[in-house]
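# A closer look at the structure
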Amino acid sequence: MENCLETARKREKSTSMVVVSLASTMGSANGVEEGVKVRRDKVGLSWVTGDEDVRFKILYCGICHSDLHNVKNEWGNSTYPLLPGHEVVGVVTEVGSKVQKYKVGDRVGVGCMVGACHTCENCENNLENYCPKMILTYNAVDYDGTKTFGGYSDHMVTNERYIVRIPDNLPLDAAAPLLCAGITTYSPLRYFGLDKPGTKVGVVGLGGLGHVAVKFAKAFGAIVTVISTSPSKKQEAIEVLGADSFIVSTNPDEMQAAMGTLDGIIDTVSAVHALVPLLFLLKSHGKIIMVGRKAIAGSCIGGMKETQEMIDFAGKHNISPLIEVIPMDYVNTAMERLVKADVKYRFVLDVGNTLKAA
């Protein structure tokens, strides 16, 4: 596989797919530290774990569709070299002298952000995800002007405020996607009142986000309807994920029969699609929430307090995404399959067992 860090340097203005060849770039000591660059004072080629920081060995990292957007520069803001990954889990190997909540050996994770201003109204209300100065886990500029790098690596260092504790009963590999797909669906279900037993909730799309939304909604006690263009997904939606009913959105009879039946809809589809037909499925005062909190309403991941709440809820109810664990050298193929939606329902990189030193 081509060393895509080098490819990225050659194609900074290209929209071609650029994925890091981890085995060749991250296995050496220098490469590893390049991937660990997170707000630290530089000592030689290493990055020091600060007083309030947690360093952990990465064991698994989920592949989010936004990783694909970023490596292809589809949003127009990618800078290379780019190291994706914001569904990162592993085991703590070192903590700073002022760290209070974590110790060596703890199972932890990092999601979509590693920093914020901590002084604005959003931050004071545990909504760091809406902070105007939020720092993303990768492809962002950190406090000190350096670039942030993601979890397609073998170690990560960040402030303990942005670390999430993983419940002991959750498998680490399956827990990884919860740090993005999980909080992205859990947060709007809670905020918009769709977490009450007996609430009738529609979930549009049955992919990486949608299938987790179904699991959370069912755990809340909701009556869940999956809305999809794919009739082939009906059996799995009902028999595997526990949905109560299934609507093929291209079937006029099924859509007509379901008019005015839903209290709310979580729309997880990223592709362009019509919203008006979905509005007719809602009861009076019903709402459509576009994952991506402003009603039509939107929602974008969640703050750190809510993220920990989500992962604890997932542990209590044994909620974990359906995943396909893959080796590091399969990452480019996985990205190609992701373009075709050829995954049920989330790829997770087996970093701990398959990232080899160069």
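Our subject is the structure that appears above.
Predicted model, so just to flag it, every value in this text is computed and none were measured. (Residues numbered from 1 in each chain as written. Predicted model: local features only at pLDDT ≥ 70, side-chain atom pairs only at ≥ 80, totals over all residues. Heavy atoms only, no water.)

### Some points on the nonpolar core
Leu 178, Leu 189, Val 214 and Phe 216 are the most contacted members of the largest nonpolar core, which totals 55 residues. Those elements that provide at least two residues to this core are helix 6 (172–175), helix 7 (181–191), strand 10 (200–204), helix 8 (210–220), strand 11 (223–228), strand 12 (245–248), strand 14 (282–291) and helix 12 (304–316). Broken down by element, this core gets its largest block of residues, six residues, from helix 8. The contact partners of Phe 216, leaving out residues within four places of it in the chain, are Leu 178, Gly 182, Thr 185, Tyr 186, Leu 189, Met 310, Phe 313, Ala 314 and Ile 319. Among the nonpolar cores identified, the runner-up in size contains 35 residues, and Val 92, Ile 135, Met 328 and Phe 347 belong to it. (Core = buried A, V, L, I, M, F, W, Y, C linked by side-chain atoms within 4.5 Å. Buried < 20%, exposed > 50% of the residue type's maximum accessible area, 1.4 Å probe, protein only. Helix = DSSP H or I, 4+ residues; strand = E, 2+ residues; numbered from the N terminus. Contact = heavy atoms within 4.5 Å.)

### Brief notes about helix 12
Here helix 12 spans 18 Å end to end across 13 residues, near enough to the 18 Å set by a 1.5 Å rise per residue. Three or more residues of helix 12 are buried, namely Met 304, Glu 306, Thr 307, Gln 308, Met 310, Ile 311, Phe 313, Ala 314 and Gly 315. For helix 12, the elements touching its buried residues are strand 6 (113–115), strand 9 (164–165), helix 6, helix 7 and helix 8. Downstream of helix 12 by one or two residues, Asn 318 has phi in the positive range, about 55°. (Expected span 1.5 Å × (residues − 1).)

### Regarding the side chain of Asn 129
Tracing the chain through its elements places Asn 129 in the loop between helix 5 (121–124) and strand 7 (135–136). Given a relative accessible area of 4%, Asn 129 falls into the buried group. In this structure the side chain of Asn 129 is engaged in a polar contact, spanning 3.0 Å, whose partner is the backbone nitrogen of Gly 303. (Polar contact = N/O pair within 3.5 Å; in protein donor to acceptor, adjacent residues only side chain to side chain.)

### Looking at the pattern of salt bridges
On inspection of all chains with the given rule, the structure shows 15 salt bridges. Among the salt bridges present, the one from Arg 165 reaches Asp 106, with a minimum N-O distance of 3.1 Å. Separated by 59 residues along the polypeptide, Arg 165 in strand 9 and Asp 106 in the loop between strand 4 (88–95) and strand 5 (107–110) bring together distant segments of the chain. Exposure remark for Asp 106: the relative accessible area of 7% places this residue in the buried category. Measuring nitrogen to oxygen at the nearest pair gives 3.3 Å for the salt bridge that ties Asp 263 to Lys 283. Of this pair, Asp 263 sits in strand 13 (residues 262–267) while Lys 283 sits in strand 14, and the two are 20 residues apart along the sequence. Asp 263 sits in the partly exposed class, given a relative accessible area of 23%. Salt bridges here are not isolated pairs; linked through shared partners, they connect Arg 190, Asp 195, Lys 196 and Glu 309. (Salt bridge = Lys/Arg side-chain N within 4 Å of Asp/Glu carboxyl O.)

### So, the packing of helix 7 against helix 8
Two elements in contact, helix 7 and helix 8, have axes separated by 9 Å at closest approach and are oriented at 40°. Between helix 7 and helix 8, the angle falls in the class oblique. The way helix 7 lies across helix 8 gives a crossing that is right-handed. Of helix 8, the residues touching helix 7 (which contributes Ala 181, Gly 182, Thr 185, Tyr 186, Leu 189 and Arg 190) are Val 212, Ala 213, Phe 216, Ala 217 and Phe 220. A per-class count over the contact of helix 7 with helix 8 returns eight nonpolar, two polar and one charged. (Axes fitted to C-alpha atoms, helices over the stretch in contact; angles between N-to-C directions. Parallel < 35°, antiparallel > 145°, perpendicular 65-115°, else oblique. Left-handed = near helix turned anticlockwise from the far one by under 90°. Nonpolar A, V, L, I, M, F, W, Y, C, P; charged D, E, K, R; others polar.)

### A word on a nonpolar patch on the surface
A contiguous nonpolar patch, built from Met 259, Val 276, Leu 279 and Phe 280 and spanning about 370 Å² of accessible area, is present on the exposed surface. Mapped onto the fold, Leu 279 is located in helix 11 (residues 276–279). (Patch = residues over 30% accessible without salt bridge, like charges linked within 9 Å, V, L, I, M, F, W, Y side chains within 5 Å. Areas by Shrake-Rupley, 256 points an atom, 1.4 Å probe, with all protein chains shown as cover.)

### With respect to the side chain of Lys 147
The residue Lys 147 is located in the loop between strand 7 and strand 8 (155–159) in this model. At 2.2 Å, the side chain of Lys 147 forms a polar contact with the backbone oxygen of Thr 79. Within the structure, the side chain of Lys 147 is placed 2.5 Å from the backbone oxygen of Pro 81, a separation counted as a polar contact.

### A few points about the pairing of strand 13
In terms of burial, strand 13 is a largely internal element, five of the six residues being buried. Relative to strand 13, strand 10 runs parallel, the two being bridged by four bridges. When the bridges of strand 13 are listed, Gly 202 appears paired with Ile 265. Note that strand 13 and strand 14 share five bridges and pair parallel. (Pairing = 2+ DSSP bridges.)

### Focus on the packing of aromatic side chains
Counting across every chain of the model gives six aromatic pairs. When the ring of Tyr 186 is compared with that of Phe 220, the centres are 5.7 Å apart and the planes differ by 40°; the resulting orientation is tilted. Of the two residues, Tyr 186 sits in helix 7 while Phe 220 sits in helix 8, which places them 34 residues apart along the sequence. What makes Tyr 186 buried here is its relative accessible area of 1%. Between Tyr 191 and Phe 192 the ring centres are 5.0 Å apart and the planes differ by 85°, which places this aromatic pair in the edge-to-face class. Aromatic rings pair up to connect Tyr 186, Phe 216, Phe 220 and Phe 313 into one cluster. (Phe/Tyr/Trp six-rings, centres within 6.5 Å; stacked < 30°, edge-to-face > 60°.)

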